[in-house]
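Residues per chain are reported as follows:
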Amino acid sequence: MQKGTINDQNRPISNKEVTVEGEKPPITDYLIISQKRDTTYLDTTLTMAKDFKFNYLRQDDFELMPFHNVGQPYNELGKSFDLELLSPRLGSRARHQNYYEIDDVFDYYVPTPLTDLYFKTAVNQGQQLEALFTSNLSPQFNFSISYKGVRSAGNYVNTLSSSGNFKFTSSYTSKNKAYRLRVHTVFQDHLNEENGGLEAASLQGFRDDEANFQNRGRLEPNLTDAESLLDGKRFYIDQDYEIIGKKDSTSYYSGRIYNKAYYEDKYYRFSQNSADEGFLGEAYISSNLQDQTNLEEGMIEAGATYDHHLLGFYKAGIARHKYNYGYDRLINQNSGVINNRLIGELYQFKAAFEKRIGKFDVTATGGVNIAGDLDGQFINGQASYSFKDVAVTAGLAISSRAPDFIFTLHQSDYLNYNWQNSFNNIEKQELSFLIDSEKYVNAQVTFTTLQDHVYFAQSLVTNTNNEVTGYNALPLQASGDITYLKIKLNKDISFLRHFGLDNTLMYQQVTQTDDIINVPDLTARSTFYYKNRFFKNALLLQTGVTAKYFTEYHMDGYDPVLGEFYSQNTEELGGFPMIDLFVNAKIRQTRIFFKLEHANQLFAGNTNYFSAPRNPYRDFSIRFGLVWNFFL
């Protein structure tokens, strides 16, 4: 669902009266509320930003490189680091890009029932569909229910994807606004057939653009009977009650006690009918391989908030977090026994602050593990200032936490994928600077330093003749510091009334002893478009061409056993343009999208376009779909 900005704050919104009588409510009354209670409204306009978000993730994928099939992972062209976590995650992060985390779930407040429908064609056979319905049964109570389903066959052997995301939310505010409640339930399953990329002879045939391989189904993959599944469910509740409060025309204060809790159970499973020791290395068993990694965790938090019109907003709380990660077996190797479980609990202190000081808006959040099995802490502060046509924000973040569980413990039916490690905490510090200006330019500058960075590195599988036949990934911890600089600029220029040029440019530089974090130096996207109204303003047309390009670099490889990307320094990929032609239209509240993706592939002199080593990017394809909002 597309959103337009109305306000950004960590404070409660006031409920409006919901009515179905009289004039049609304005679109700004259809509110979308984040977990931090930042409030936006439904946006039904047709812009280039909407075109960039019309994809599987429903977000701008400028810093991502999709695999050929819808529902497969996205490689990263730019890096972003988590800076507000206190505990490890499951891992298999390449498979979590379409997984709804807590902060990905929104609440709603609508004057009339609202439906949001998204549809887009897939690759070869299949479709994408997302449907959301939300309604306020009273001014105090809202609920929403949504489902996102994807099934796409893909053009290459063993690349089918099938996923489902079910989400239910409800929120309640008492008539005197003292008590507030939010709950959500999420069920998700993401299935991918895994082919490990093209095997050597087919890969060379693809690069040579051999006529026999124009039908991509003739290209032989490394794996023909493997698949992976990420499955999870979560139950979440967030409630608070005002114990003191006063609000009038000149002053405001509110003191609340709050409680939030969640329970989540998920697993990542890699399965294969027959072992492929040539590609993945030696296996303990020859058939019916199944590696399932489980994580069960729960958290309960309680605390208080105080909001004062002069003193600002304060929040403090204590949380108890329990986790149970691992497997249902022990692995006994020559080097020792690989344990099956990591079980523990953490006691955490969390705090937040927000205040307008002069003309500056200052916010800060922090947390620390005060007791338990793992150390961790973070602090994040920002200050923003708004000029006439420019908003400027500067930030500082410091983080220390344990690596994701997959780096510490992993078991597999393949010998090379068994390990138990004791890594140091990953230390991160980040300076950020943002400029938000529609009139001048949007700019983002981040400078990040990392110590003890943990990553997966490529490990080669060889035969008795020392020939490379396959690839594994192994967890390592960097011994030296890493510095990462990212500068990103965007500007949408309108000219001659109906024409526009939307440009985005990203420059990145990494300083490191070893090539661990690999990103392209330059990534650019430019869109030339024409926009006008026709048929007595009943139809808004937007048409043009988009070109995207990134320089060659050591692109990360993808490991299907782990569901993770790994660092490799043997092959440089990239340096090819991707040109899309599009025609978009808006009729009332319906936006229609039609696109010729990778149109330049029809005339390209080579086929050196990849999403990851051994994984080609998609060929020319025709895609279309729509986003339809309707109101009852």
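Each chain has its residues counted from 1, running along the sequence as written. Reporting of local features is limited, given that this is a predicted model, to residues whose pLDDT is at least 70; pairs of side-chain atoms are given and counted only at 80 or more, and all residues count toward the totals for whole chains, interfaces and linings. Calculation of side-chain values draws on the structure's entire complement of heavy atoms; hydrogens and water are dropped beforehand.

A. Fine view of the overall build of the protein. Per the convention used, a helix needs a DSSP run of H or I reaching at least four residues, while a strand needs a run of E reaching at least two, with both numbered from the N terminus. Of regular secondary structure, the protein possesses four helices and 38 strands. Put simply, the radius of gyration uses C-alpha atoms, and a globule should come to 2.2 Å times the residue count raised to 0.38. Taken over the C-alpha trace, the protein has a radius of gyration of 25 Å; the compact-globule value for 632 residues is 26 Å, and the two agree within 12%. For the exposure calls, accessible area comes from a 1.4 Å probe over protein chains only, and a residue counts as buried if that area is under 20% of its type's maximum, exposed if over 50%, partly exposed in between. Here the protein, with 632 residues, has 52% of them falling under the buried criterion. Whether two residues are in contact is decided by their heavy atoms: any pair within 4.5 Å suffices. Across the protein, contacts joining residues at least 24 apart in sequence account for 66% of those joining residues at least 6 apart. With an accessible surface of roughly 28,200 Å², the protein has 54% of that area assigned to carbon and sulfur atoms. Counting rule applied: Lys, Arg positive; Asp, Glu negative; His and chain ends not counted. Just so you know, the charge point we use is NZ for Lys, CZ for Arg, CG for Asp and CD for Glu. Measuring between centres, the 61 positive side-chain charges of the protein sit 11 Å from its 75 negative side-chain charges. Working definition of accessibility: Shrake-Rupley area with a 1.4 Å probe, residue cover restricted to the visible protein chains.

B. Up close: the confidence of the model for the protein. As a per-residue measure, pLDDT reflects the predictor's confidence and takes values from 0 up to 100. For the protein, the mean per-residue pLDDT works out to 94, and 97% of the residues sit at or above 70. Segment residues 7-20 is flagged for pLDDT under 50; beyond a separation of four residues in sequence, or across chains, it makes 43 contacts in the model.

C. Quick peek at the pairing of strand S12 (residues 226-247). Here strand S11 (residues 179-194) pairs with S12 via 16 bridges, running antiparallel. Residue pairing for S12: Val183 is matched across the bridge by Ile237. Strand pairing is assigned whenever DSSP identifies at least 2 bridges connecting the two strands.

D. Just the nonpolar core, in detail. Throughout, nonpolar core names a set of buried Ala, Val, Leu, Ile, Met, Phe, Trp, Tyr and Cys residues whose side chains join them through atoms within 4.5 Å. Core analysis: the largest hydrophobic core is formed by 38 residues, its most contacted members being Leu280, Tyr325, Tyr414, Tyr417, Phe456 and Leu562. Of all the elements, helix H4 (residues 405-408) adds the most residues to this core, at three residues. Sequence-distant contacts of Phe456, defined by excluding residues within four places in its chain, comprise Ile406, Phe407, Trp419, Ala473, Leu474, Pro475, Leu562, Glu564, Phe565, Tyr566 and Ser567. Residues Tyr156, Leu203, Tyr609 and Tyr617 belong to the second largest nonpolar core, which totals 17 residues.

E. Here's a closer look at the environment of Pro26. Tracing the backbone shows Pro26 in the loop between strand S1 (3-7) and strand S2 (31-33). Taking relative accessible area as the criterion, Pro26 reaches 45% and is therefore assigned partly exposed. Sequence separation between Pro26 and Gly196 is 170 residues; the distance between their C-alpha atoms is 50 Å.

F. Quick look at empty space enclosed by the protein. The method works on a 1 Å grid over the protein atoms by themselves. A cavity is a set of points holding a 1.4 Å probe that cannot get out, a pocket is an open set with protein on both sides within 12 Å along at least five of seven lines, and residues with an atom within 4 Å of a point line them. Grid points are joined across faces, edges and corners, and a volume is the space filled by probe spheres set on the points. With the rule as written, the count across this model stands at seven cavities of 30 Å³ or more. Computed from the structure, the largest cavity encloses a volume of approximately 440 Å³. Looking at the largest cavity, it is lined by 28 residues, and the ones nearest its centre are Asp61, Pro66, Asp580, Glu597 and Tyr617. Secondary-structure elements contributing two or more residues to the lining of the largest cavity are helix H1 (48-52), strand S4 (64-66), strand S31 (539-550), strand S34 (578-587) and strand S35 (590-597).

G. The arrangement of helix H2 (residues 200-207) in detail. For H2, the full list of buried residues reads Ser202, Leu203, Gly205 and Phe206. One face of H2 carries all of its buried residues, which in axial projection span an arc of 160 degrees. Residues of H2 that are exposed and point more than 90 degrees away from the buried face comprise Ala200 and Ala201. The inward-facing, buried residues of H2 abut strand S36 (610-612) and strand S37 (615-616). Where H2 starts, the residue carrying a side-chain oxygen 3.1 Å from the main-chain nitrogen of Ala201 turns out to be Glu199. One or two steps after H2, the chain reaches Asp209, where phi turns positive at roughly 55 degrees. In this context, the arc is that of the directions from the helix axis out to the C-beta atoms. By the criterion applied in these results, polar contacts are pairs of N or O atoms within 3.5 Å in which, for protein atoms, one can donate a hydrogen and the other can accept it, and in which residues neighboring in sequence qualify only through two side-chain atoms.

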